[in-house]
Amino acid sequence: MQPNYQPIYEQARHLQFKIQDITSNPQSPSAIALHSEAERLAEELNMHKDPRAIESRIKNIQSQLRQFESSSDEIMSTNHSMELHDAYEHIRMNVRSLPHY
């Protein structure tokens, strides 16, 4: 793995597992979709995909997290959703600093 992708990949994997840990209803369609997006993000980082495609995936994840804040479906607490959104924003800023962005 390229050195500039490694720390971002590790952050994404950490958040992927954190999502699995804090999801209160892991079998709901919304939770499954979020888990899938988080897994794809880690795969794209591992494959050194185009940084703009990676950023798009992050924005999709952030959008899903924002929906959880106003949803009656209790997937995770609002605090967890906001915390994860901020963590993905940090990753997004790191992706924007990758070569070829």
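Residues numbered from 1 in each chain as written. Predicted model: local features only at pLDDT ≥ 70, side-chain atom pairs only at ≥ 80, totals over all residues. Heavy atoms only, no water.

Chemist: What's the story with the packing of aromatic side chains in this structure? I'm lost.
Modeler: For any pair of aromatic rings, the description rests on two quantities: the centre-to-centre distance and the angle between the ring planes. Summed over all chains, the structure comprises zero aromatic pairs. The side chain of Arg52 reaches across the aromatic face of Tyr101, ending 4.1 Å from its centre. (Phe/Tyr/Trp six-rings, centres within 6.5 Å; stacked < 30°, edge-to-face > 60°. Lys NZ or Arg CZ within 6 Å of the ring centre and 35° of its normal.)

Chemist: Where do I start with the pattern of salt bridges in this structure?
Modeler: Note that side chains of opposite charge can pair when their charged atoms are close. A full pass over the atoms with the stated rule returns eight salt bridges. The partner of Glu55 in a salt bridge is Arg92, with the nearest N and O atoms 2.5 Å apart. Of this pair, Glu55 sits in helix 3 (residues 51–70) while Arg92 sits in helix 4 (residues 78–96), and the two are 37 residues apart along the sequence. Taking the relative accessible area as the measure of exposure, Glu55 reaches 5% and is therefore buried. If you follow the salt bridges from partner to partner, you end up with Glu37, Arg40, Glu44 and Arg57 in one network. (Salt bridge = Lys/Arg side-chain N within 4 Å of Asp/Glu carboxyl O. Helix = DSSP H or I, 4+ residues; strand = E, 2+ residues; numbered from the N terminus. Buried < 20%, exposed > 50% of the residue type's maximum accessible area, 1.4 Å probe, protein only.)

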